[in-house]
There are 2 protein chains.
Amino acid sequence: MSTSQSNIRPSGDNGRIEFWFDFASPYSYLAAMRIEEMATRAGLGVSWRPMLLGPVFKSVGAPLLPLFAIAQKGEYTWKDLARQAAKFGLPWIRPSQFPRNGMLAERIMAGHPDAPWTGTFCRAVFHRSWGLDQDIGNQTVIADALQECGVDPAAAIARAGEDESKLALRQQTDQAVALGIFGAPTMIARGELFWGNDRLDDAIAYAAGEA
Amino acid sequence: MSTSQSNIRPSGDNGRIEFWFDFASPYSYLAAMRIEEMATRAGLGVSWRPMLLGPVFKSVGAPLLPLFAIAQKGEYTWKDLARQAAKFGLPWIRPSQFPRNGMLAERIMAGHPDAPWTGTFCRAVFHRSWGLDQDIGNQTVIADALQECGVDPAAAIARAGEDESKLALRQQTDQAVALGIFGAPTMIARGELFWGNDRLDDAIAYAAGEA
């Protein structure tokens, strides 16, 4: 199955929930670390959908960093993130650098859409960024995450640099916009959009046909 | 106790939770209808704090209608509101007019800060606006809400037109900005801000000393 075919899979198929995210998005972290366990409990699979939030924000006319466009809201957001992470039992360090560049990790995921390790890798990268304050724009950090997932770093990083992987991530970002996505994380369940970590439970329930 | 004294009460006293809102805010509706019952169960009182969101948004540099500044987000927001209202068992009609002018009802509340009927009146107004699609900018609608609460409409509406009530609402709006409030609803619990209907449970738990 080629990458471009994988990008035209129907959205929000039955039995699965789509998770649209960018590694730069802190609320995506809170949801990414929990979604697969919650989905499994509900008998659902997760389709991981990395996207580039920059072009998404640009295309809908949002500021580049919507959470931090208003100073008071930005200050509050850091507090809220720390409290939410504590509530979910997730490690949290206010990042020494923001936003961080998740493009390499996203190209790796987009270039391996059907790999069995995508969920584990996704969590390994999110954990390094938001739980350990590591620079995921750095290739060494990503290589370490791949290794942890039992993936050959050199091969995966090389493939991420190929046109097919770059194109796959660009196409997926275009698809996000076409689907009406305007922020991250966004879950798609049976064709319906659910925006934000705060809607993760609702999205799972809806995908499972309970709501 | 004069109105201006009531406006300098310390924020987020122990045993109480402050509820800052504007009747024009749909997510304030979802929280306003539930907060008193939840607070009572946690052994807490509610301090109702109407404010004018227009000046708050202006002072923090937010757009006048932040939920609807991005078309895609606005469309999603109406869906989300309907789903959330259904989840909480609250009546919901997508309003035929938006935003609606809550100033009269807010001046009534600001002019009667310690009245025993403020919570009931607040819910009666919110219900009319978002549950029944009535124009709360209309004096007849507000008179009807007052009557339902056993309050003499003529006297309460007259008092809302006095300078003291107008000033009280303006001062409370200024206080909101000084407290770092940037949107509605905002709960203040033991001095901490919690923003949004999605944080109502967390705010109650924090106010009760559980978090």
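Being a predicted model, the structure only gives us computed values, none of them experimental. (Residues numbered from 1 in each chain as written. Chains lettered and ligands numbered in written order. Predicted model: local features only at pLDDT ≥ 70, side-chain atom pairs only at ≥ 80, totals over all residues. Heavy atoms only, no water.)

Visitor: Could you clarify how one ought to interpret the interface of chain A and chain B in this entry?
Guide: By a widely used convention, the size of an interface equals the accessible area lost when the partners come together. In this assembly, 22 residues from chain A lie in contact with 22 residues from chain B. Interface of chain A and chain B: buried area, both sides summed, is about 2,100 Å²; carbon and sulfur atoms make up 51% of it. Remark: the boundary between chain A and chain B carries 10 salt bridges. The closest approach of N and O atoms between Arg199(B) and Asp198(A), which form a salt bridge, is 2.9 Å. Inspection of the region where chain A meets chain B yields 16 residue pairs in polar contact (both at pLDDT 80 or more). For the side of chain A that touches chain B, the secondary structure elements donating two or more residues are α4 (71-87) and β4 (192-195) of chain A. Of the residues contributing to the side of chain A that touches chain B, the split by class is nine nonpolar, four polar and nine charged. (Contact = heavy atoms within 4.5 Å. Buried area = accessible area lost by both parts, 1.4 Å probe. Salt bridge = Lys/Arg side-chain N within 4 Å of Asp/Glu carboxyl O. Polar contact = N/O pair within 3.5 Å; in protein donor to acceptor, adjacent residues only side chain to side chain. Helix = DSSP H or I, 4+ residues; strand = E, 2+ residues; numbered from the N terminus. Nonpolar A, V, L, I, M, F, W, Y, C, P; charged D, E, K, R; others polar.)

Visitor: In this structure, what is going on with the pattern of salt bridges? I would like to understand it.
Guide: Side chains that carry opposite charge are capable of pairing whenever their charged atoms lie near each other. Tallied over the full model, the rule gives 24 salt bridges over all chains. Between Glu192(B) and Arg83(A) there is a salt bridge, and its shortest N-O distance comes to 3.1 Å. Of the two residues, Glu192(B) sits in strand β4 (residues 192-195) while Arg83(A) sits in helix α4, which places them in two different chains. Residue Arg41(B) pairs with Glu37(B) through a salt bridge whose shortest N-O separation is 3.4 Å. Of the two residues, Arg41(B) and Glu37(B) are both situated in helix α2 (residues 26-41); the distance of four residues between them amounts to about one turn of the helix.

Visitor: Where do I start with the environment of Tyr29(B) in this structure?
Guide: All names here are of chain B. Within the fold, Tyr29 resides in helix α2. On the basis of relative accessible area, Tyr29 is assigned to the buried category, the value being 0%. Once the C-alpha coordinates of Tyr29 and Ala85 are considered, the two residues, 56 residues apart in sequence, prove to be 9.2 Å apart. Those residues in contact with Tyr29 that sit more than four places away from it in its chain are Leu90, Pro91, Trp92, Phe126, His127, Trp130 and Gly131. (Buried < 20%, exposed > 50% of the residue type's maximum accessible area, 1.4 Å probe, protein only.)

Visitor: When you look at the confidence of the model for chain A in this model, what are you seeing that I'm missing?
Guide: Close reading of the predicted structure is inappropriate where its pLDDT is low. Residue and element names in this part refer to chain A. On average, residues of chain A carry a pLDDT of 93, and 93% of them reach 70 or more. This stretch, residues 1-12, has a pLDDT under 50; its non-local contacts, to residues over four places away or in other chains, come to 26 contacts. Our summary of model confidence lists the complex with pTM equal to 0.92 and ipTM equal to 0.91. (pLDDT = per-residue confidence, 0-100.)

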